[in-house]
Amino acid sequence: MQLAEDIGRAARHYQTLFTLHSLPLQLLVHLSLSALFLVRVVSFELQTLSLLLLSVIFLSYPILEQRAHLMLNSEKGFFSVRRTLAANTVSNFFFALPLVVLSFFPTQYSLLTYAVALGAGSSLALRILVYGAFSKNPPAIRGIFALAPVIIYAPLILVGSLQPSPSWHLAPPLFLAGGGVALLKVVDSAPKGVVELGGLELFRTYMYSWVLGQHGPLERILEDFSEEYGAEVQTAIVEGGGHRFALVAPYIHYGPFGGVGSSVFPADIRRTFRENGVVKALALHTPTSHSLNIPSRHESLSLIHRIRERLEEPRDFNRVITPLVEIRLGKARAAGFSFDETAFVCLSYEEMEDVPTTVAYELRSKAKQMGFRDAMVVDAHNSLSGETKWFEAHEIEQVSQAGIECLRKVRQSKAGSFRVALCSSRPPNLGPAEGLGYAGVNVFLWEVFKRSFALIIVDANNFSPRLRRRILDDLKSRFNITAEVLTTDTHEVTARKLVPRGYVILGESEDASSVIQCVDFCARSALSNLEEARVAYDTFQLDSRIVGENGLQTLTTAVEIAFTTARRFAMGFFGLASLLSAFTILL
């Protein structure tokens, strides 16, 4: 758990510095820092020509560097204007800080050259880290990009000030630059006792996948660690009004992030099955963990096509269904119904993460003991608002007991003939960056015994509990519909936006009203288009590949070793450098 939090924190630092801030904001920060630096440097009474050249180069260097990337055709996608500007702003901050601080003291001239050396060393160390970690260029080219601004700024200041430069002032830049190189070596070699890959290759493939959507190299790494897996797929197939669609619940996980692996499974299954504007299949989230991630999107799409082939086979249908029943046990909630001698149970908790797979197996076993043919157990995954909350043993037990009580109540419920409708839509102002995936908002509504019930299936990773309650209350008060809200747990929406927790909660912002309006529209449309229907259950197993517990553990261990080693080295080395610098200045 601590490792996940550390990695998430490091990723957010990266986002802050290099990825998600807008170009105007990055430009504003760069200009503000440049203005502060140049105003304070004036106090050193530099020669006019040196000050003029320093001003022009300091302000324009990020653009010049980005042009150099374009000319060399080197990572021009990664080192965009925005990210090049960000990298230079941060490195310039470290270069300028000692000089700006020193400019406020009367002894400024005696320490000018040392402040320049210290700033140059700090800036150089950071640039070595940035270009060593992110760039794919040959070492010589990386070195030129790292060194160029420092070897331009420092001589302009020192020559312009006409101050003597003792030879010992070369120590800080050499010492700090050496530390940057050493840190890169440490990060690259640290995980090689666990995996054959270097730490920098793992890091670089992850970042290029995240930032540029270049998923191939990362997916090849995941495939190397993957293992064979028989993926069970449960389906509820509904026919009504000339249409046929399916609720598909495969025992795989929709991750890890963005477009990698099976992250886009809910969107892909909708795209693959959709015909003439009619939704033919919706993905549901089963109780699974990230060890069941499919390693590549190619493998994920292959699984979807084989599911479609299986669903096109003829089958026997049943014409009765039960009402939706609800059970609350402490903070746990279970909602369910039955069809075709199969129970359907949705599990949720006040604050939750993934429900363990063992709970699904337990409930399916209990369902068969009660006389059901099987049970489709769905992880509602719609209850995150604060920091990630992992289940404790007593909470898992509470969820399990709520599910068992729900099965008993469903078993006692009377089934009757029914009418159904499925309506799908998406708010125009919400997309992956706001937490809503391509599959959008879907309302599966059925009417039995002249009462209306619905499953609200939202293509999201995390959902606001407050919004969930508002939707349920709204449907009950406006349409007299008893409903449950489910999310697909898609990871298509992850790593898109800079937020304090590292993940977006759909409906936590003012965009919540858009989701409610979309649900209301779908509910109203579904109520107006109810058709007599029949339903069938099927379960089957398809061969696939998953990252697996061993692969996940291996990769996690490799990242942990690289991350922990880098953190300890950086804190020790650069902490010592800071102490020595402060001690020198005091002397």
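Please read these numbers as outputs of a predicted model, since none were measured by experiment. All residue numbers refer to position in the chain's written sequence, counted from 1. Given that this is a predicted model, residues contribute local features only at a pLDDT of at least 70 and side-chain atom pairs are listed and counted only at 80 or more, while totals for whole chains, interfaces and linings are drawn from all residues. With hydrogens and water set aside, each side-chain value is computed from the structure's full complement of heavy atoms.

1. Quick notes on the side chain of S34
Move 1: Tracing the backbone through its elements, the reader meets S34 in helix 2 (residues 23-41).
Move 2: Whether two residues are in contact is decided by their heavy atoms: any pair within 4.5 Å suffices. When residues no more than four places from it in sequence are discounted, the contact partners of S34 are F58 and L59. Each helix is a run of DSSP H or I of at least 4 residues and each strand a run of E of at least 2, with the numbering of both proceeding from the N terminus.

2. A short note on the pattern of salt bridges
Move 1: When a carboxyl oxygen of Asp or Glu is within 4 Å of a side-chain nitrogen of Lys or Arg, the pair counts as a salt bridge. Evaluated as defined, the whole model comprises 22 salt bridges.
Move 2: Put simply, R308 and E312 hold a salt bridge, and the shortest N to O gap is 3.3 Å.
Move 3: Whether a residue is buried, partly exposed or exposed follows from its accessible area with a 1.4 Å probe, protein chains only, as a fraction of its type maximum: under 20%, in between, or over 50%, in that order. Residue classification places E312 among the exposed positions, given a relative accessible area of 54%.
Move 4: Notably, a salt bridge pairs R333 with E326, separated by 2.8 Å at the nearest N-O pair.
Move 5: Look at the salt bridges and you will find they share partners, linking R310, E313, R315 and D538 into a network.

3. Thoughts on the pairing of strand 2 (residues 243-250)
Move 1: Where burial is concerned, most of strand 2 is hidden: six out of the eight residues are buried.
Move 2: Should DSSP find at least two bridges between two strands, the strands are taken to pair. Here eight bridges tie strand 1 (residues 227-240) to strand 2, and the two strands are oriented antiparallel to one another. Looking across to strand 2, one finds that A236 is bridged to L247.
Move 3: Linking strand 1 back to strand 2 in an antiparallel pair, the connection comprises two residues, with G241 at a positive phi of about 60 degrees.
Move 4: Two strands pair when backbone bridges link them, and strand 2 and strand 3 (residues 281-283) are joined in this way by three bridges, in the parallel orientation. Note on strand 3: the bridge partner recorded for L247 is L282.

4. Some points on the packing of helix 12 (residues 357-369) against helix 13 (residues 393-412)
Move 1: To get an axis, a line is fitted to the C-alpha atoms, and for a helix only the part in contact is used. The angle between two axes follows their N-to-C directions and goes from 0 to 180 degrees. Where helix 12 meets helix 13, the closest approach of the two axes is 10 Å, and the angle between their N-to-C directions is 25 degrees. Taken together, the axes of helix 12 and helix 13 are roughly parallel relative to one another. When the axes of helix 12 and helix 13 are compared, the crossing they make is right-handed. In this structure, helix 12 contributes V359, E362, L363, K366 and A367 to the contact, and helix 13 contributes I396, S400, G403, I404 and L407.
Move 2: Side-chain classes follow a simple rule in which Ala, Val, Leu, Ile, Met, Phe, Trp, Tyr, Cys and Pro form the nonpolar group, Asp, Glu, Lys and Arg form the charged group, and the remainder, Gly included, forms the polar group. A breakdown of the residues in the contact of helix 12 with helix 13 according to their chemical character gives six nonpolar, two polar and two charged. Should an angle fall under 35 degrees it is taken as roughly parallel, and over 145 as roughly antiparallel, whereas 65 to 115 is taken as roughly perpendicular and any remaining angle as oblique. If you view the pair so one helix is near and one far, a crossing is left-handed when the near helix is turned anticlockwise from the far one by less than a right angle, and right-handed when it is turned clockwise.

5. Quick word on the environment of V248
Move 1: Checked against the element boundaries, V248 lands in strand 2.
Move 2: Those residues in contact with V248 that lie beyond four places of it in its chain are V233, Q234, T235, Y254, I269, A281, L282, A283, L284, I307 and L311.

6. Brief notes about helix 7 (residues 171-189)
Move 1: One less than the residue count of a helix, multiplied by 1.5 Å, gives the span that helix is expected to have. Here helix 7 is 19 residues long and its end C-alpha atoms lie 27 Å apart, about the 27 Å a rise of 1.5 Å per residue gives.
Move 2: Along helix 7, the positions that sit buried rather than exposed are P172, P173, L176, A177, G179, G180, L183, L184 and V187. Buried residues along helix 7 cover an arc of 150 degrees about the axis, so they all sit on one side. Turned more than 90 degrees off the buried face of helix 7, the exposed positions are L174 and K185. Taken from the helix axis, the directions to the C-beta atoms give the arc we talk about.

7. Focus: the packing of helix 4 (residues 81-102) against helix 6 (residues 139-161)
Move 1: One way to put it is that helix 4 packs onto helix 6 with a least axis distance of 12 Å and a crossing angle of 20 degrees. With respect to helix 6, the axis of helix 4 lies roughly parallel. The crossing of helix 4 and helix 6 is right-handed. Judged by residue contacts, N92, F95 and L99 of helix 4 engage Y153, A154 and I157 from helix 6.
Move 2: Tallied by class, residues from the contact of helix 4 with helix 6 come to five nonpolar, one polar and no charged.

8. Here's the deal with unusual backbone geometry
Move 1: Omega for the peptide link from G255 to P256 comes to 10 degrees, which places this bond in the cis form.
Move 2: One non-glycine residue, D340, lies in positive phi territory at about 50 degrees.
Move 3: For N480, which is not a glycine, the phi torsion comes out positive at approximately 55 degrees.
Move 4: Mapped onto the secondary structure, N480 falls in the loop between helix 14 (465-479) and strand 12 (481-487).

9. Looking at the packing of aromatic side chains
Move 1: Pairing of aromatic side chains here covers Phe, Tyr and the six-membered ring of Trp, requires ring centres within 6.5 Å, and sorts the geometry by plane angle: under 30 degrees stacked, over 60 edge-to-face, intermediate tilted. Using the criterion set out here, one finds 24 aromatic pairs in the structure.
Move 2: Between Y251 and Y361 the ring centres are 6.1 Å apart and the planes differ by 15 degrees, which places this aromatic pair in the stacked class. Within this pair, whereas Y251 is found in the loop between strand 2 and helix 10 (265-273), its partner Y361 is found in helix 12, the two being separated by 110 residues in sequence.
Move 3: Under the relative-accessibility criterion, Y361 is labelled partly exposed at 47%.
Move 4: Aromatic side chains F444 and W446 sit 5.5 Å apart centroid to centroid with 35 degrees between the ring planes, which places their arrangement in the tilted category. Taken individually, F444 and W446 each receive the classification buried, so the pair is uniform in this respect.

10. Focus: the environment of V39
Move 1: Mapped onto the elements of the fold, V39 is located in helix 2.
Move 2: Overall, V39 belongs to the exposed group, its relative accessible area being 54%.
Move 3: A C-alpha to C-alpha distance of 9.9 Å links V39 and S55, two positions 16 residues apart in sequence.

11. Quick look at the nonpolar core
Move 1: Among buried residues, the Ala, Val, Leu, Ile, Met, Phe, Trp, Tyr and Cys ones that are joined through side-chain atoms within 4.5 Å form a nonpolar core. Among the nonpolar cores identified, the biggest contains 59 residues, and F37, L54, F95, L99 and I157 are the most heavily contacted of them.
Move 2: Tallying contributions element by element places helix 5 (residues 108-134) first for this core, with twelve residues.
Move 3: Not counting the four nearest positions on each side in its chain, I157 is found in contact with F37, L46, L54, F95, L99, L112 and V116.
Move 4: Membership of the second largest hydrophobic core comes to 49 residues, among which are A231, L292, I327 and A536.

Shape descriptors only; they carry no functional weight alone.
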